[in-house]
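Summary of the model geometry
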Amino acid sequence: MRFSERAADVIDSFIMKLVSVSKEEGMISFATGLPDKRLFDMNGIAKAAAGVFERNEEAMSALQYGIVKGLPQLREKIAARCRKEMRFTADIENIFIVNGSQECFDLIGKMFIDRGDIMVTDNPGYLGALQSYSTYGPRFIGTDLNEDGPDASQLRDALKLDPKLYYSIPNHQNPSGISYSVDRRKEVAELLSGSECMMIEDDAYGELGYDGRVGPPVRSMTENVIFTGSFSKTISPGMRIGWMIVPDGMTDTATKFIESSSLHANTFSQNVMNRYLETTDIDAYLNRIRKEYKRKSRLMLDLLNDHLPSELRWNEPNGGMFIWLRTPEGTDAMQLYEAALRKKLVVMPGRPFHITGGASTIRLNFATAGDEEIKEGVGRLASAYEGLF
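These figures come from a predicted structure and were not determined experimentally.

What follows deals with the sheet that holds strand S13 (residues 348-349). Read across the sheet, four strands follow the order S10-S11-S14-S13 without closing on themselves; strand pairing throughout is antiparallel. Sheet topology places strand S10 (313-314) and S13 at the edges, where each strand pairs with a single neighbour. Sheet analysis places S13 next to strand S14 (residues 361-365), joined by two bridges and oriented antiparallel. Across the sheet, the residue bridging to Pro 349 is Ile 362, located in S14. Each of S10, strand S11 (322-326) and S14 is contacted by helix H11 (residues 282-307), which is oriented at about 20 degrees to S11, the strand it contacts most.

Shown next as structure tokens:
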């Protein structure tokens, strides 16, 4: 078959390869980025879906083609959330509903990247986004993450190379779980403001801070930002509703690209989500999720402390779904991944998230598994590590 050149550029999705492995009998998985399905508000979503059909005109609209930018009422709610929780103003004409935030990444890649263009990303960075952008053939430059955010000197040097885009997750980052400090957010905003680089600020985990939001968005400090969000980690990934908030000069181009690729996001899902947000105390709902993820993270952290040797290191996240595990310097964590598989435990190696380095890292997801699985899984991880290095 005569595939395009870009077909060879796409990074393999190591994560998706593990999904089928995770489903094997007796397997426990800490590998994926799935939220806890036990927290889905089944009754609330069912009532919202039924509510869409209560009024004939609303039902017909929900089943019809929609608007390229998305349902205006839903965009209004996103704009209101930005004002209330994120302290920046977003005009609904700059808000685009898309089929999950993954579609944002593809659209932005199409709009900005020509083969060979420089793109900066956190190192490590979210593999799904890197895979999407890789389709368009950029030259990736990674800026290493410290405990308070990206290495500022590395970012400064990278921006001197005139990159078009900088992709980052400042809140509860996937895969590392770290969050940028307020000072580092300000520094990033200042660096961007003095450049022509556009930041993609991925806020997929911003609502999952255990004690609320951990800092203001970079978008609130500079206009050089495309802000992306999603309901996938909070309400439902299956509904495939994400959004992006773009600068003024990008709205016409974004409209054309969405229209040419998907016409618009799923109209029915948008209507159900809009009705759900109208009938649900979203802050009370989010607080329940935050409380549960905080409890589950504490459970896994305590078990790691109890069962793993001191030469292994890990962080203590203040939100999100991930713990970042480090094996001793100079070791290859792929060996631990393989040993864990033999114990019927799936973990996610950290190397695929990196532009450079990352050999001694593992990502652990505590959100997906139940309590007993977490307890058994950490025991299997400890057993897999014994005598490995």
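Next up on the list: the sheet that holds strand S5 (residues 149-150). Spatially, eight strands are ordered S2-S9-S8-S7-S6-S3-S4-S5 in an open sheet, and the strand pairing comes out mixed. Looking at the sheet topology across the chains shown, the edges are occupied by strand S2 (95-98) and S5. Taken together, the four bridges between S2 and strand S9 (residues 242-245) define a ladder with antiparallel strand orientation. Note that in S9 the partner of Ile 97 across the bridge is Trp 243. Contacting S2, strand S6 (165-168), strand S7 (198-202), strand S8 (225-230) and S9, helix H5 (residues 101-112) runs over the sheet at an angle of about 155 degrees to S8.

Looking now at helix H8 (residues 182-193). Relative to the 16 Å expected for twelve residues at 1.5 Å per residue, H8 spans 17 Å between its end C-alpha atoms, a close match to the ideal helical length. Three or more residues of H8 are buried, namely Arg 184, Arg 185, Val 188, Ala 189, Leu 191 and Leu 192. Summarising the axial view, the buried residues of H8 lie within an arc of 165 degrees, below the 170-degree limit, and thus occupy one face. In this structure, H8 carries Asp 183 and Glu 190 as exposed residues pointing more than 90 degrees from its buried face.

Now for the packing of helix H4 (residues 72-86) against H11. Working note: a packed helix pair is described by the angle between its axes plus the distance between those axes. In the contact formed by H4 and H11, the axes pass within 14 Å of each other and the chain directions differ by 60 degrees. By the criterion of interaxial angle, the relationship of H4 to H11 is oblique. The two elements H4 and H11 meet at a crossing, and its hand is right-handed. Here H4 contributes Arg 81, Lys 84 and Glu 85 to the contact with H11, which in turn contributes Ile 282, Asp 283, Leu 286 and Arg 290.

Pairing of strand S3 (residues 118-123) with strand S4 (residues 139-146) involves six bridges; the strand directions are parallel. In the sheet register, Asp 122 faces S4, and the bridge partner there is Thr 143. Once you follow S3 into helix H6 (residues 127-134) and on to S4, the crossover reads as right-handed. Bridge count between S4 and S5: two bridges; the pairing is antiparallel. Note that in S5 the partner of Leu 145 across the bridge is Pro 150. In sequence, S4 turns back onto S5 through a hairpin of two residues.

Criteria and thresholds
Residues numbered from 1 in each chain as written. Predicted model: local features only at pLDDT ≥ 70, side-chain atom pairs only at ≥ 80, totals over all residues. Heavy atoms only, no water. Pairing = 2+ DSSP bridges. Helix = DSSP H or I, 4+ residues; strand = E, 2+ residues; numbered from the N terminus. Contact = heavy atoms within 4.5 Å. Axes fitted to C-alpha atoms, helices over the stretch in contact; angles between N-to-C directions. Expected span 1.5 Å × (residues − 1). Buried < 20%, exposed > 50% of the residue type's maximum accessible area, 1.4 Å probe, protein only. Arc of directions from axis to C-beta. Parallel < 35°, antiparallel > 145°, perpendicular 65-115°, else oblique. Left-handed = near helix turned anticlockwise from the far one by under 90°. Right-handed = clockwise from strand over helix to strand, strands pointing away.

Geometric descriptors of this kind do not, in isolation, establish any biological role.
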